[in-house]
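Spelled out, the chains give:
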Amino acid sequence: APVVSKVSAPVEDDTPMQSQPISVTKSALSSEALEERVQKFNEAPEFMRILVAKIAGFGVDETTPGAVNRLNATDIVLKLYDDNIGYEDILRTSDFTDESEREEARKMLERAYEQSGDDGDKPKFTKEQIQEKVEELDQIPTFLKNIYSKEFNDTEMALMLLEEEYNDKNKKGGFFGMFGDNQKGDIGKDGERMDVENPGAFSRLFSPDDALNGTAAGKKGGDLSFMIESLYPKSTRKEDETPDKRLVDAFLNDVVASTNSFIPSSQPMPVPGGYIVRGTNKCSSGGELIDKLDKRVATDARLREKITFFLLKDPFPDPEDGLVDPFNWPQVLFIAGPNVARDPEVILRTIITALGIATTWYGSIYPFLSNSKLLDKANEAMDLSDAGMPVDMSWLSDMSIPLFLTFIALQLVHEVAHLAVANSKKFEISVPTLVPSILSGITSSITTLKTSPKNRQDLMEFAVAGPLAGMICSILVLSYGLALTATADPGAVQNFPGLPLAVLRQSSLGGGLVDIFLGNGVLNVPASAEGAQLLASTMIALHPFAIAGFLSLFVNALAMVPVGRTDGGRVSMALFGRSGSQGVTFISLLLMFALGFSGESDLLLFYFGFVVFAQSELEIPMRNEIDDVDFSRALVAGVALFLTVLTLIPMQ
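Bear in mind that the values here come from a model prediction, so they are computed numbers and not experimental data. (Residues numbered from 1 in each chain as written. Predicted model: local features only at pLDDT ≥ 70, side-chain atom pairs only at ≥ 80, totals over all residues. Heavy atoms only, no water.)

Asks: How would you sum up the confidence of the model for the protein chain? Please name residues and give values.
Replies: Per-residue pLDDT for the protein chain averages 78, and the proportion of residues at 70 or more is 74%. When mean pLDDT is taken per element in the protein chain, helix 16 (residues 456-487) scores highest with 96 and strand 1 (residues 3-11) scores lowest with 36. Note on residues 1-27: pLDDT is under 50 here. Beyond four places in sequence and across chains, it has 54 contacts. Contacts for the low-pLDDT stretch residues 171-218, under 50 throughout, to residues beyond four places or in other chains number 126 contacts. (pLDDT = per-residue confidence, 0-100. Helix = DSSP H or I, 4+ residues; strand = E, 2+ residues; numbered from the N terminus. Contact = heavy atoms within 4.5 Å.)

This is the structure we're talking about:
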C-alpha cells in the first residue's frame, strides 16, 4: 500500500496566502528494497546500530552486549524510511494545521540532526543541535575519539558531522547515508560506506596515504606486506580463510572498543592473510590484552569461529613516526582467519615416517655389519643363499633389536616432552613425522603446531623440552652403554657392533665420553697420512646402548640448531623475536655449511640440506609475541644450546 502523509503546504490562488492541508503520496518500500535495507542495517557495527535505533526512537540498553540484536530491525528501517519521507514533506511546508503535526515535525528534525537555517551553500545549526551532537559523540567508541581528538575538539567534530549529514541528506537521504540505494563499498568502522568518492565524515581523520596503507597502491602497504610474507609462514596467508572486512570492523567496534584495552591509531590495513591494525596497548601486558579480547570474542557468535587475532611487534613501523625505540617497539593487532596452521598432509607424512622407521632399522643393522667377524658370518650366509641353500639370518635381526628399540625410545622421550608441555600450555600439536637418514637412522622429527601457543615463553618451553630431555636421556644411555662396553669380557666385545672412528670424532661431547670411559686415547689419531688412513678405516666396538645413545645425542642436538621452525629455531624466535631469529638462522646455516663442506662433519652437511629445503620458514604466530621470556627460562635454553654446541663441534 502507498504511504500517505498529511502535511500543510502553501497554496497560490487569488486569495491571500494561507495554509491548507494536502496529501502527498509516496510509493512504499518494495519487499526487495526493505529486505536489502534490513540486511545493510544488520551488517553495520553494533555501536552504529545502537545509534540508529536511538535516533529512530527505539530504546536500547547499550551497556548490555547484544541488546540491539533483540530489537526488530524491520521496524527500525521502516521508521527511518517514514522519517525521511516525512522530512522531505516538511521541507515543502511553511505551516502546520495543528500542534501535533508541529511536534511530530520537531521530533523528526531532532532525530535527523538537520540544519535550522540556510545561508547559501553553508548550513547553520542551533546551539541545541550542536550540543546534542556533542552528546552523541560520547556514544562513539573510545578508539575513534582518541584518533579525532588529536586534531579536533568535540564541538568542531560535531559541526563537521552536522555538515556531513546535511550534504548527505540533500544528495541521497537516510541516516549517515546508510540506507540509500546508490551506495557502494564496504561498511567502515565508523558505520559509513568506504566510498572512494564519498568516504564519509570519519574519513577526514585519515590522510590519503593512510587510506592506501596496506594495499598495493601504497608504498607503505607494499613494504608492510613484504615484511609479513618474509616473517610469517605461508600457512598464515590462506586466501580462502582471510577474514572479511566486515568481520574485522565488527571485531574492532564490538570487541576492541568495548574492552578499551587497545587503542587503534590506524584503519585496518589489508596484508597477506588478514589485516594489521596499529595502536597502543592499554593493558599492563600482552597477555592481559589477549585474555580480555578472548573473553569478549567468546560471547560473539559472529566472530568466535571466524577470526584469530594476534598481538605482534609492528613488522614495518610507519616511517613518519620517526626512530623506533628498540625497547618499546610499536605493537599491532594481526587479524587473520580461524586457522593459520600448516596443512596436515597426513598421507605424505605417513609415508615419510614409514621411510624414517625403515632407515632407522637399517641404521640398527649397519653397526653390526661394521664388525668384521659378524660381516664375515653374514657373507657366508649370503653365499649359501646364492647356492640355493636355506639361510637363517634371524641372528642379525635379534642382535639389532635392542639398538633399534633403544634409539626409538630416546626419540619418544623427545616427543613425549613436547606433548607434555603442549598439553600443560593448552595448545595442540601434530603427530611427529620421522624424517629418514642413511647416516643416523633419522635426520629429525617434525612436530607441527596445530594451534598457536599463547606467548613466546610457552613456545620456548615447548621447543626446548624435547631436545633437552632427549639429550639428557641420550647422555645417560650413552654413558651406561660405555660402562657396559668397558666392563664386558673380550668374547662379548667380539660380537659388539661398531662405529667408525671418524663418526665418533664428529662430536666433542659424545667422543669425549667415549674417551673417558674407554680410556687409553682410543679416539686419538696422529696428524699424519697414517692418521688420516686410520681415521677412515678404524671401527670402535661399542655396546648397542652406547651406539643408540651416541646417535640419539647427535639427532637431538641437531634439532636444537637455531634454524627456521626447528626446535632451535623456535627457541631463537622466542628469545630474539622474528627479525633477530632470521639473523641467527643465517649464521647457523653458514656455520653448518662450512663445517660440513670442510669434511669435518658429514652429518651437519646432510642436516644443512634438510633444513634449507624443509624447515627454513619461521613458526606460525604466537597469540602474544610482545611479552618477553622469563630469565629462568632463558637460562634453561642456554643450557640446551651449550649441550648442542658441545655435541656438534667435532673433536680437534
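Asks: Can you lay out the packing of helix 16 against helix 21 (residues 544-559) for me, pointing to particular residues and giving the numbers?
Replies: Where helix 16 meets helix 21, the closest approach of the two axes is 7 Å, and the angle between their N-to-C directions is 160°. In terms of orientation, helix 16 lies roughly antiparallel with respect to helix 21. Here the hand of the crossing between helix 16 and helix 21 comes out left-handed. Partitioned by chemical class, the residues of the contact of helix 16 with helix 21 number 14 nonpolar, 8 polar and no charged. (Axes fitted to C-alpha atoms, helices over the stretch in contact; angles between N-to-C directions. Parallel < 35°, antiparallel > 145°, perpendicular 65-115°, else oblique. Left-handed = near helix turned anticlockwise from the far one by under 90°. Nonpolar A, V, L, I, M, F, W, Y, C, P; charged D, E, K, R; others polar.)

Asks: Quick one: what's the story with the packing of aromatic side chains, residue by residue and with numbers?
Replies: Scanning all chains against the criterion turns up 10 aromatic pairs. An angle of 15° between the planes, with centres 5.3 Å apart, marks the rings of Phe-593 and Phe-597 as stacked. Placement of the pair is Phe-593 and Phe-597 together in helix 22 (residues 567-597), with a separation of 4 residues, close to one helical turn. What links up through ring pairs into an aromatic cluster is the set Tyr-232, Phe-310 and Phe-334. The aromatic ring of Trp-395 is capped on one face by Lys-377, whose charged end is 4.4 Å from the ring centroid. (Phe/Tyr/Trp six-rings, centres within 6.5 Å; stacked < 30°, edge-to-face > 60°. Lys NZ or Arg CZ within 6 Å of the ring centre and 35° of its normal.)

Asks: Quick rundown of the nonpolar core? Include the residues and the values.
Replies: Core analysis: the biggest nonpolar cluster contains 58 residues, and Leu-504 and Met-592 have the highest contact counts within it. In this structure Leu-504 touches Leu-499, Gly-511, Val-514, Leu-523, Ile-540, Leu-542, Phe-550 and Met-651, once residues within four positions along its chain are discounted. Counting residues in each nonpolar core, the second largest holds 27 residues, with Met-227, Val-340, Leu-449 and Met-573 among its members. (Core = buried A, V, L, I, M, F, W, Y, C linked by side-chain atoms within 4.5 Å. Buried < 20%, exposed > 50% of the residue type's maximum accessible area, 1.4 Å probe, protein only.)

Asks: Residue-level account of the environment of Phe-309, with values.
Replies: Among the secondary structure elements, Phe-309 is positioned in strand 8 (residues 308-313). The class for Phe-309 is buried, based on a relative accessible area of 3%. For Phe-309 and Ile-335, which are 26 residues apart along the polypeptide, the C-alpha to C-alpha distance reads 4.4 Å. For Phe-309, the residues in contact, after removing those within four places along its chain, are Phe-251, Ile-290, Leu-293, Asp-294, Val-297, Phe-334, Ile-335 and Arg-623.

Asks: Account for the pattern of salt bridges, with residues named and values stated.
Replies: Tallied over the entire structure, the rule returns 18 salt bridges. Among the ionic pairs, Lys-454 bridges to Asp-291, the shortest N-O distance being 3.0 Å. Here Lys-454, found in the loop between strand 11 (441-446) and helix 16, pairs with Asp-291, found in helix 11 (residues 286-297); they are 163 residues apart in sequence, far enough to count as distant. (Salt bridge = Lys/Arg side-chain N within 4 Å of Asp/Glu carboxyl O.)

Asks: Report on a negative patch on the surface, specifying residues and quantitative values.
Replies: Taken together, the side chains of Asp-376, Glu-380, Asp-383 and Asp-386 make up a negatively charged region of the molecular surface. Its place among the elements puts Glu-380 in helix 14 (residues 372-386). (Patch = residues over 30% accessible without salt bridge, like charges linked within 9 Å, V, L, I, M, F, W, Y side chains within 5 Å. Areas by Shrake-Rupley, 256 points an atom, 1.4 Å probe, with all protein chains shown as cover. Lys, Arg positive; Asp, Glu negative; His and termini not counted. Charge placed at Lys NZ, Arg CZ, Asp CG, Glu CD.)

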